[in-house]
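Chain residues, written in single-letter form:
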Amino acid sequence: PATAEEAFLASGNTFFHTTTLEAIETAAAFRSELRIHESGSGEREIQLVPNPRGLLRVWQRPKESSNYVLGADVAEGIEIEGSPADDKHDYSSADVIDRATGEQVCQLHGRLTPDEFGRQLALLGEYYNHAFIGVESNAGYGLHVLDELKRADYPTHLFYRKQVTDETTRKTTEKLGWRTTVANKKSMCAELDRALRKHDLTVYSEDSVREMKGFITKPNGQIEGGNGCKDDRVISLAIAYQMLRA
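First, a word on scope: everything that follows refers to the structure included in this document. (Residues numbered from 1 in each chain as written. Predicted model: local features only at pLDDT ≥ 70, side-chain atom pairs only at ≥ 80, totals over all residues. Heavy atoms only, no water.)

Some words on helix 5 (residues 182-197)
Put simply, the test is: A run of DSSP states H or I qualifies as a helix once it reaches four residues; a run of E qualifies as a strand once it reaches two. Both are numbered from the N-terminal end. By definition here, a helix of n residues has an expected span of 1.5 Å times n minus one. Working rule for contacts: check all heavy atoms of both residues, and any pair within 4.5 Å makes them a contact.
Here helix 5 spans 24 Å end to end across 16 residues, near enough to the 22 Å set by a 1.5 Å rise per residue. Those residues of helix 5 hidden inside the fold are in contact with helix 2 (18-23), helix 6 (206-213), strand 10 (215-217), strand 11 (223-225) and helix 7 (232-245).

Observations regarding the pattern of salt bridges
For the record, the criterion: What counts as a salt bridge is simple: a side-chain nitrogen of Lys or Arg found within 4 Å of a carboxyl oxygen of Asp or Glu. Residue exposure (1.4 Å probe, protein chains only): buried if accessible area is under 20% of the type maximum, exposed if over 50%, otherwise partly exposed.
In total, this model carries 14 salt bridges according to the counting rule given. Across the pair Asp207 and Arg57 runs a salt bridge, and its minimum N-O distance is 3.8 Å. Pair noted here: Asp207 is in helix 6 and Arg57 is in strand 3 (residues 56-58), with a separation of 150 residues, a long-range link. Since its relative accessible area comes to 21%, Asp207 is described here as partly exposed.

A look at the packing of aromatic side chains
What counts here: Under the pairing criterion, centres of Phe, Tyr and Trp rings, with the six-membered ring standing for Trp, must be within 6.5 Å; the plane angle then separates stacked pairs below 30 degrees from edge-to-face pairs above 60, leaving the rest tilted.
Tallying each qualifying case throughout the model produces seven aromatic pairs. With a centroid separation of 5.1 Å and an interplanar angle of 70 degrees, the aromatic rings of Tyr68 and Tyr128 are classed as edge-to-face. Here Tyr68, found in strand 4 (residues 68-73), pairs with Tyr128, found in the loop between helix 3 (114-127) and strand 7 (132-135); they are 60 residues apart in sequence, far enough to count as distant. Among the residues examined, Tyr68 registers a relative accessible area of 3% and is labelled buried. Judged by its relative accessible area of 0%, Tyr128 falls in the buried class.

Considering the nonpolar core
Side chains of a nonpolar character, in soluble globular proteins, are inclined to be buried together. This is how it is decided: Side-chain atoms within 4.5 Å link the members of a nonpolar core, which is a set of buried Ala, Val, Leu, Ile, Met, Phe, Trp, Tyr and Cys residues.
Ranked by internal contacts, the top residues of the largest apolar core, which has 30 residues, are Leu70, Leu121, Leu124, Tyr128, Val135 and Leu149. Of all the elements in the fold, those that place two or more residues in this core are strand 2 (44-50), strand 3, strand 4, strand 5 (92-98), strand 6 (104-110), helix 3, strand 7 and helix 4 (140-151). Those residues in contact with Val135 that lie beyond four places of it in its chain are Ala72, Val74, Leu121, Gly142, Val145, Leu146, Leu149, Gly177 and Trp178. Formed by 28 residues, the second largest nonpolar core is a distinct cluster that contains Trp178, Val209, Met212 and Val234.

What follows is the structure in C-alpha cells.
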C-alpha cells in the first residue's frame, strides 16, 4: 500500500463501508477566507475572499433560501502517533451541511487557538445564514470556543444544547455543545456511515474521505484514526450530521 489509508483498506479493519468510500466523487474546493467589510455608512457584510492558503474550502456559497448546520471538532493539542515530525498534532475542523439537500458545502480546517476558532465559527455560521452550530465540548477548549461564540454575539438559540439531569440531586441543567462519549461515538459514526451508504449525505471533500479511509476499529474496540492518520474531519462531519438530525 502506498499510504496508511490504503493499508487500512487492505487490512479490512476500516470502520466505514469501504465500497461506499471508494465510490464517493469528490470535487475541487474554492480556497478562501472570510473577512468583515464595513461600508462608509456603517453597514457590515461578511465577504468570501479568495486565498490559495485559506483555511476554508468552499463547494457551495450560501443560498438565500437555505438553512444550514455546522459541526465543529476542537483541537486538543494532542500528538497523533505515527504522524510525521512536522505534522504531529491534531487540527480544529468544522463542516457545514445544507439542511435540505444533505450536501457538504464548506469545511474549515486548521491549527487555530480556541479563541480564534470560535471567532471563525461565528463568521462562518453567520455567513451561512446563521447556521445551527454544534461544538464538541468534551474538554476545556470546547468551552472556550463556545464562550468566544457568545462574545461574538452569535445567537445562543442556534447553539446545540442538551438537558442533563444529575442522578443525585435530580436537578436538570442545560449544557451547551455536543459531548462525544465512549457510548455515543460509535453510534454517531455508524449513523454517518449509514447516511453515506444511503446517499442521505453528500461529501465533496477528498480530505474527509481520506480520513474516513484511515478511521479504524482497534483490537480493544475503540474507533479512531489509525497509526499516522488524523480524524478531525471525520468527527466534525459526524457532529454536523448529528446537527442535521437534531
